[in-house]
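Residue strings, one per chain:
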2 protein chains.
Amino acid sequence: MKRQTDPDVLLLQSAADPTRLAILRQLSAAAEVCACNFTGCCEVSQPTVSHHLKVLRDAGWVSGERRANWIYYRLRPEAVARFRQLAAEIGPIDGWSTLGQPDDKRRLAVLQPQA
Amino acid sequence: MKRQTDPDVLLLQSAADPTRLAILRQLSAAAEVCACNFTGCCEVSQPTVSHHLKVLRDAGWVSGERRANWIYYRLRPEAVARFRQLAAEIGPIDGWSTLGQPDDKRRLAVLQPQA
DNA sequence: TGACGATATAGATACTTGTCAATACATTGT
DNA sequence: ACAATGTATTGACAAGTATCTATATCGTCA
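Residues numbered from 1 in each chain as written. Chains lettered and ligands numbered in written order. Predicted model: local features only at pLDDT ≥ 70, side-chain atom pairs only at ≥ 80, totals over all residues.

Around DNA strand C sit 29 residues in total, of which Pro 47 and Thr 48 of chain A together with Ala 35, Cys 36 and Pro 47 of chain B are the nearest. Put simply, the parts of the chain that give the surface near DNA strand C at least two residues each are helix 4 (46-58) of chain A together with helix 3 (35-41), helix 4 (46-58) and strand 3 (70-75) of chain B. Here the element with the most residues in the surface near DNA strand C is helix 4 of chain B; it accounts for six residues. Looking at the surface near DNA strand C residue by residue, the classes come out as 14 nonpolar, eleven polar and four charged. (Near = placed C-beta within 6 Å. Helix = DSSP H or I, 4+ residues; strand = E, 2+ residues; numbered from the N terminus. Nonpolar A, V, L, I, M, F, W, Y, C, P; charged D, E, K, R; others polar.)

This is the structure in structure tokens:
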């Protein structure tokens, strides 16, 4: 696979897993969630949950804070904001037109990967 | 990998690739884009572009219409709407609290996978 | 019909990823 | 210090995926 330097791709990719999306959804329902609760929810082993939490941490989605024996995870607002920004960017914008055949000179600038 | 029956996961996963996100972004800049333009943009071969377009098609992200020799792709509004809906669902909602230790009886209903 | 250009499919391969069992690490309480 | 519990790491493996070359399919035009 190509190296994904694009932070948006990383954000999407880390959310694009059943277990991880479930975790993100749980974290959307409570301010913070103990890691032990994820183990119970998704039908995967504890190491697997831990692995997914690390992926989410590395992508900036969540942060964890240790209190006694337990680690409480919470959503990082920056990630949520970036995700929503991305969602806002995908879809119709102003100035739409048809991008035609290869010799079409009317190409929009954005369609040409800037050198 | 687990079978992803969750349509949201499918939507995310199909967008979570550098080439495909680039395609989605191009399609956000013009009402429709000829397939031949994607080949030029992303640094991958034509069959690879075709493969990615198929993935996006299968996920419901895009639809293609043939006109003469060329196939014009466009974003499907339903997919855009679903994506934005998903983005709106990830993040703080009302009624937040801390989900505590395993024996914590105060769990929010949403945190227990409904049997 | 046959040649040509655009797009899709098939098959092969290297790489990535999700998963688990086993183990290590960290914190609390006895 | 030691046992118990929650979490992270390691190592291994099966499965998925992105990519290519080669080839097939589809539509147009002479």
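There's more to say after this.
Next up on the list: helix 1 (residues 7-15) of chain A. Within helix 1 of chain A, burial applies to Val 9, Leu 11, Leu 12, Gln 13, Ser 14 and Ala 15 of chain A. Contacts made by the buried residues of helix 1 of chain A are with helix 2 (18-29), helix 4 and helix 5 (77-89) of chain A together with helix 1 (7-15) and helix 2 (18-29) of chain B. (Buried ≥ 20, exposed ≤ 12 C-beta atoms within 10 Å, placed from the backbone. Contact = placed C-beta atoms within 7 Å.)

If you trace the backbone, Thr 5 of chain B turns up in the segment before helix 1. Taking the C-alpha atoms as reference points, Thr 5 of chain B and Thr 19 of chain B, 14 residues apart in sequence, are found 23 Å from one another.

Taken together, 29 residues lie near DNA strand D, and Ala 35, Cys 36 and Pro 47 of chain A together with Ser 45 and Thr 48 of chain B sit nearest. Among the secondary structure elements, those contributing two or more residues to the surface near DNA strand D are helix 3 (35-41), helix 4 and strand 3 (70-75) of chain A together with helix 4 of chain B. Take the surface near DNA strand D: its biggest share by element is six residues, from helix 4 of chain A. Residues that form the surface near DNA strand D fall into these classes: 14 nonpolar, eleven polar and four charged.

All names here are of chain A. Looking at chain A, the pLDDT average stands at 84 and 77% of residues meet or exceed 70. Taken element by element, the predicted model of chain A shows its lowest mean pLDDT in strand 4 (residues 98-99) (60) and its highest in helix 4 (98). Every residue in residues 102-115 is under pLDDT 50, and counting partners more than four places away or in other chains gives 19 contacts. The ipTM assigned to the predicted complex is 0.84, against a pTM of 0.84. (pLDDT = per-residue confidence, 0-100.)

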